[in-house]
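Analysis of the macromolecular model
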Amino acid sequence: MRQIPGAWHRTAAGAGLVGSDGSIHPTIFAEMSALAARTGAINLGQGFPDEDGPAEVLEAARSAIADGANQYPPGRGIPDLLAAVAEHQERFYGIALDPAREVLVTAGATEALAAALLALLDDPDDEVVVFEPHYDSYAAVAALAGARLVTVPLRWPDFQPDLDELRAAVSDRTRVILVNDPHNPTGAVFSPDVRDEIVRLAERHDAVIVTDEVYEHLVFGDPHVPIATLPGARERTLTISSGGKTFSTTGWKIGWISGPSDLVDAVLAVKQFLTYVNGSPFQPAMAVGLRLGDDFFRAIADTLRTKRDLLGAGLRAAGFEVSEPAGSYFTVADAAPLGATDAAAFCRSLPERAGVVAIPLTAFATPARRAEFASLVRFAACKRVEVLEAAASRLTALR
């Protein structure tokens, strides 16, 4: 095989996609979705809904296309969406933003994360602190930027970080503390003590906090609390979210990043050379979504809570132990009571054994910590009720 030089290899290695023989593997999401398609299994692996979002949001996109919003939008995003993001942050969290200078529209949260890390990391000694298991793009982009990933473990069953381990991970080399709350893949919502300690450590070590809050409206207890609302946090925090999860429009890839203008300008300097702009007719539609009434936002959380409970009951009936999530699309279950010792092997066999696809939690972990998650499996509850009921019925074959 020809050896191709470049940063691509360390990026793939950072995401755990390089085999022991040097071969490059597809992501676990691509592998498991292909397995679902090939076997006809119910796909509870990849986190995308199987229902459309609110009709008024979809209609707004159709209208925008019909009205000619089909060319490049402004580089920062259309003014109405910038304003809608600022209104949303004020309405839900009391965060006042200048929409013209403190908000930037991106190609989903993934581009916002990539642009932020590439903008802020500049030295091989720079470190990014993340909570592990973690969304796979975090490690990939940190590696692409040439920085070091430092992880803080989240342990079964509550997946809250140990504060002493968090303190040990953050140092003067820490450039970014990357916080995903509500958390993918575990479904955890961090406690107030954890959020407060993140801010204290960022201040002490002069680090930037980058938050991934795409599940902000999909929490099942107290309302979401952005870190940017905490004392001392706003001036050093970049807040990332998107409309894909909130409005069941994951394919539109409309996200945003907000924070102090100097930090947002730094992200824009990189972002403009990634996608430049995207989703022109979807941006006005996303503005419509962000301005929907409180009843909509309460309903989507209530609906997902019902689905979480349905999925959890089915998993318990099948013999799994279940960690009840406090937010997000996802439920983590322990397959050890079913004899599993290798989550990846268990998930690869699950379509044939039970006609269901899931994702091993080891796919979200660095090699050094995969043994800590060896029997843990992530299931997505963001499917129609009848699909979840069918999956629960199929999983009884494991008993």
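Residues numbered from 1 in each chain as written. Predicted model: local features only at pLDDT ≥ 70, side-chain atom pairs only at ≥ 80, totals over all residues. Heavy atoms only, no water.

A closer look at the environment of Val267
Mapped onto the elements of the fold, Val267 is located in helix H9 (residues 261–271). Counting along the chain gives 154 residues from Val267 to Leu113, while the straight-line C-alpha distance between them is 9.3 Å. Here Val267 is in contact with Leu104, Ala115, Ala116, Ala119, Leu238 and Ile257, once residues within four sequence places are set aside. (Helix = DSSP H or I, 4+ residues; strand = E, 2+ residues; numbered from the N terminus. Contact = heavy atoms within 4.5 Å.)

Considering the environment of Thr11
Among the structural elements, Thr11 can be located in helix H1 (residues 8–14). With sequence-adjacent residues up to four places away left out, Thr11 is seen in contact with Ala140, Ala143 and Leu144.

Topic: the layout of surface pockets
Its volume calculated, the largest pocket comes out at about 520 Å³. As for the largest pocket, its lining consists of 28 residues, of which Gly47, Thr110, Tyr135, Lys245 and Lys253 are closest to the centre. Among the secondary structure elements, those contributing two or more residues to the lining of the largest pocket are helix H5 (108–120) and helix H6 (136–144). Among the elements that take part in the lining of the largest pocket, H5 stands out by supplying 4 residues, more than any other. For the lining of the largest pocket, the residue count by class is 11 nonpolar, 12 polar and 5 charged. One number sums up the size of the second largest pocket: a volume of about 390 Å³. For the second largest pocket, the lining is made up of 20 residues, of which Gly16, Ile28, Arg348, Ala363 and Arg370 are closest to its centre. Secondary-structure elements contributing two or more residues to the lining of the second largest pocket are helix H2 (28–39) and helix H12 (343–354). With 3 residues, H2 is the largest single contributor of residues to the lining of the second largest pocket. (1 Å grid on protein atoms, 1.4 Å probe; cavity = no way out; pocket = protein on both sides within 12 Å on 5 of 7 lines; lining within 4 Å. Points joined across faces, edges and corners; volume = space filled by probe spheres on them. Nonpolar A, V, L, I, M, F, W, Y, C, P; charged D, E, K, R; others polar.)

Notes on the nonpolar core
Counting residues in each nonpolar core, the largest one holds 128 residues, and the members touching the most others are Val210, Phe320, Phe346 and Phe379. Broken down by element, the residue count for this core peaks at 8 residues, all from H5. If we skip the residues at most four places from it in the chain, Val210 touches Leu113, Ala116, Leu120, Val176, Ile177, Leu178, Val179, Leu238 and Ile240. (Core = buried A, V, L, I, M, F, W, Y, C linked by side-chain atoms within 4.5 Å. Buried < 20%, exposed > 50% of the residue type's maximum accessible area, 1.4 Å probe, protein only.)

Some words on the sheet that holds strand S5 (residues 174–180)
Pairing is mixed across the open sheet formed by 7 strands, whose spatial order is S2-S8-S7-S6-S5-S3-S4. With partners counted over all chains shown, the strands left at the sheet margins are strand S2 (103–106) and strand S4 (148–153), one partner each. On average, each strand axis in the sheet is tilted by 20° relative to the strand beside it, whichever way the strands run. As paired strands, strand S3 (residues 127–132) and S4 are joined by 6 bridges and run parallel to one another. (Pairing = 2+ DSSP bridges. Axes fitted to C-alpha atoms, helices over the stretch in contact; angles between N-to-C directions.)

Some points on the sheet that holds strand S9 (residues 321–323)
Taken in spatial order, the 4 strands line up as S9-S10-S13-S12 in an open sheet, and their pairing is antiparallel. Each end of this open sheet is capped by a strand with a single partner; those strands are S9 and strand S12 (359–360). Those strands touched by helix H11 (residues 294–318) are S9, strand S10 (330–334) and strand S13 (376–380), and its axis lies near 15° from that of S10.

Thoughts on the packing of H11 against helix H13 (residues 385–395)
In contact at an axis separation of 8 Å, H11 and H13 are set at 10° when each is read in the N-to-C sense. In terms of axis orientation, H11 runs roughly parallel to H13. On the side of H11, the interface is formed by Lys307, Leu310, Gly314, Leu315 and Ala318, while H13 contributes Val385, Leu388, Glu389, Ala392 and Leu395. Among the residues forming the contact of H11 with H13, the class breakdown is 7 nonpolar, 1 polar and 2 charged. (Parallel < 35°, antiparallel > 145°, perpendicular 65-115°, else oblique.)

Some points on empty space enclosed by the protein
Gaps left between atoms are located by rolling a probe of water-molecule size over the structure's atoms. Evaluated as defined, the whole model comprises 3 cavities of 30 Å³ or more. Its volume calculated, the largest cavity comes out at about 50 Å³. Lining the largest cavity are Gln89, Ile95, Leu97, Ala228, Arg234, Thr237, Thr239, Ser258, Gly259 and Pro260. Here the residues of the lining of the largest cavity sort into 4 nonpolar, 5 polar and 1 charged. Put simply, the second largest cavity is a space of about 40 Å³. In terms of residue class, the lining of the second largest cavity is made up of 3 nonpolar, 2 polar and 2 charged.

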